[in-house]
Amino acid sequence: EISACLVGSEMCIRDRNGPESLVVSDETYNVRHEICKSCEMWIKKKDMCAECGCFIPAKARVILESCPLDKWSQDKEGWEDALKRLSDKIDKDS
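This one's a predicted model, so the numbers in the text were calculated from it and none came from an experiment.

### Notes on the environment of methionine 41
Step number 1: Mapped onto the elements, methionine 41 comes out in the loop between α1 (26-37) and β3 (42-43).
Step number 2: Residues methionine 41 and glycine 53 lie twelve residues apart in sequence; the distance between their C-alpha atoms is 9.7 Å.
Step number 3: Look past the residues within four positions of methionine 41 in its chain and what remains in contact with it is Met48, Cys49, Ala50, Glu51 and Leu69.

### Focus: the pattern of salt bridges
A side chain of one charge can pair with a side chain of the opposite charge when the charged atoms of the two come close.
Step number 1: By the definition in use, this model includes five salt bridges.
Step number 2: The partner of aspartate 26 in a salt bridge is arginine 61, and the shortest N-O contact between them spans 3.0 Å. Taken as a pair, aspartate 26 in helix α1 and arginine 61 in the loop between α2 (56-59) and α3 (76-93) lie far apart in primary sequence, 35 residues in all.
Step number 3: Its relative accessible area of 45% is what places aspartate 26 among the partly exposed residues.
Step number 4: A relative accessible area of 12% places arginine 61 in the buried class.
Step number 5: With a shortest N-O distance of 3.0 Å, lysine 84 and aspartate 88 are connected by a salt bridge.

### A look at the environment of alanine 82
Step number 1: For alanine 82, the position within the fold is in helix α3.
Step number 2: Accessibility expressed as a relative area gives 0% for alanine 82, which makes it buried.
Step number 3: Between the C-alpha atoms of alanine 82 and valine 23, which are 59 residues apart in sequence, the distance is 8.8 Å.

### Quick word on the packing of aromatic side chains
Step number 1: This structure, assessed with the given rule, holds zero aromatic pairs.
Step number 2: Taking NZ or CZ as reference, arginine 61 lies 4.1 Å from the ring centre of tyrosine 29, over its face.

Conventions adopted
- Residues numbered from 1 in each chain as written.
- Predicted model: local features only at pLDDT ≥ 70, side-chain atom pairs only at ≥ 80, totals over all residues.
- Heavy atoms only, no water.
- Helix = DSSP H or I, 4+ residues; strand = E, 2+ residues; numbered from the N terminus.
- Contact = heavy atoms within 4.5 Å.
- Salt bridge = Lys/Arg side-chain N within 4 Å of Asp/Glu carboxyl O.
- Buried < 20%, exposed > 50% of the residue type's maximum accessible area, 1.4 Å probe, protein only.
- Phe/Tyr/Trp six-rings, centres within 6.5 Å; stacked < 30°, edge-to-face > 60°.
- Lys NZ or Arg CZ within 6 Å of the ring centre and 35° of its normal.

Structure below.
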(Lines give C-alpha, C1' and ligand atoms only; values in the text may rest on other atoms or scores of the structure.)
Protein backbone atom coordinates (compact mmCIF):
# COMPACT_ATOMS: atom_id res chain seq x y z
CA GLU A 1 0.00 0.00 0.00
CA ILE A 2 1.45 3.34 -1.06
CA SER A 3 0.61 6.32 1.10
CA ALA A 4 1.55 9.97 1.34
CA CYS A 5 2.61 11.61 4.56
CA LEU A 6 3.58 15.07 5.67
CA VAL A 7 6.86 15.29 7.58
CA GLY A 8 7.54 18.78 8.79
CA SER A 9 7.00 20.88 5.71
CA GLU A 10 7.89 18.11 3.25
CA MET A 11 5.65 15.60 1.52
CA CYS A 12 6.93 12.06 1.13
CA ILE A 13 5.65 8.97 -0.65
CA ARG A 14 6.27 5.59 0.87
CA ASP A 15 5.42 1.93 0.62
CA ARG A 16 6.43 0.12 3.79
CA ASN A 17 5.43 -3.29 2.51
CA GLY A 18 6.86 -3.40 -0.98
CA PRO A 19 10.31 -3.65 -2.52
CA GLU A 20 10.07 0.01 -3.47
CA SER A 21 10.02 1.12 0.16
CA LEU A 22 11.22 4.69 0.71
CA VAL A 23 11.63 4.36 4.45
CA VAL A 24 14.70 3.28 6.41
CA SER A 25 15.19 -0.10 8.02
CA ASP A 26 14.03 -0.64 11.60
CA GLU A 27 17.68 -0.66 12.68
CA THR A 28 18.40 2.74 11.10
CA TYR A 29 15.14 4.12 12.47
CA ASN A 30 16.00 2.97 16.00
CA VAL A 31 19.48 4.52 15.81
CA ARG A 32 18.05 7.82 14.55
CA HIS A 33 15.30 7.88 17.18
CA GLU A 34 17.75 7.14 20.02
CA ILE A 35 20.01 9.98 18.81
CA CYS A 36 17.03 12.33 18.87
CA LYS A 37 15.97 11.17 22.33
CA SER A 38 19.45 12.00 23.67
CA CYS A 39 19.44 15.50 22.10
CA GLU A 40 18.80 18.68 24.09
CA MET A 41 16.25 19.73 21.43
CA TRP A 42 14.05 16.66 21.97
CA ILE A 43 10.61 17.44 23.40
CA LYS A 44 9.91 14.23 25.31
CA LYS A 45 6.19 14.81 25.93
CA LYS A 46 5.45 15.22 22.20
CA ASP A 47 8.38 13.18 20.78
CA MET A 48 9.18 16.21 18.64
CA CYS A 49 12.27 18.19 17.70
CA ALA A 50 12.33 21.77 18.97
CA GLU A 51 14.84 22.71 16.24
CA CYS A 52 12.79 21.71 13.18
CA GLY A 53 9.37 21.05 14.71
CA CYS A 54 9.11 17.55 13.26
CA PHE A 55 7.41 14.57 14.88
CA ILE A 56 10.46 12.33 15.39
CA PRO A 57 8.84 8.92 14.75
CA ALA A 58 7.78 10.11 11.27
CA LYS A 59 10.91 12.05 10.36
CA ALA A 60 13.31 9.31 11.51
CA ARG A 61 11.55 6.83 9.16
CA VAL A 62 11.97 8.82 5.93
CA ILE A 63 14.95 7.69 3.88
CA LEU A 64 15.97 11.16 2.63
CA GLU A 65 15.40 13.06 5.88
CA SER A 66 18.28 14.31 8.01
CA CYS A 67 18.77 15.99 11.36
CA PRO A 68 18.96 19.80 11.13
CA LEU A 69 21.76 19.67 13.72
CA ASP A 70 23.72 17.11 11.65
CA LYS A 71 23.39 14.38 14.29
CA TRP A 72 22.17 11.87 11.66
CA SER A 73 22.02 12.07 7.89
CA GLN A 74 20.08 10.90 4.86
CA ASP A 75 20.36 7.23 3.95
CA LYS A 76 21.73 7.94 0.46
CA GLU A 77 22.83 4.35 -0.15
CA GLY A 78 19.40 3.08 0.90
CA TRP A 79 17.78 5.69 -1.35
CA GLU A 80 19.82 4.57 -4.34
CA ASP A 81 18.87 0.94 -3.70
CA ALA A 82 15.18 1.83 -3.25
CA LEU A 83 15.19 3.95 -6.40
CA LYS A 84 16.74 1.12 -8.43
CA ARG A 85 14.16 -1.38 -7.11
CA LEU A 86 11.35 1.06 -7.91
CA SER A 87 12.73 1.66 -11.41
CA ASP A 88 13.08 -2.09 -11.99
CA LYS A 89 9.49 -2.64 -10.84
CA ILE A 90 8.19 0.08 -13.17
CA ASP A 91 10.12 -1.43 -16.08
CA LYS A 92 8.77 -4.89 -15.24
CA ASP A 93 5.18 -3.65 -14.99
CA SER A 94 5.38 -1.70 -18.26
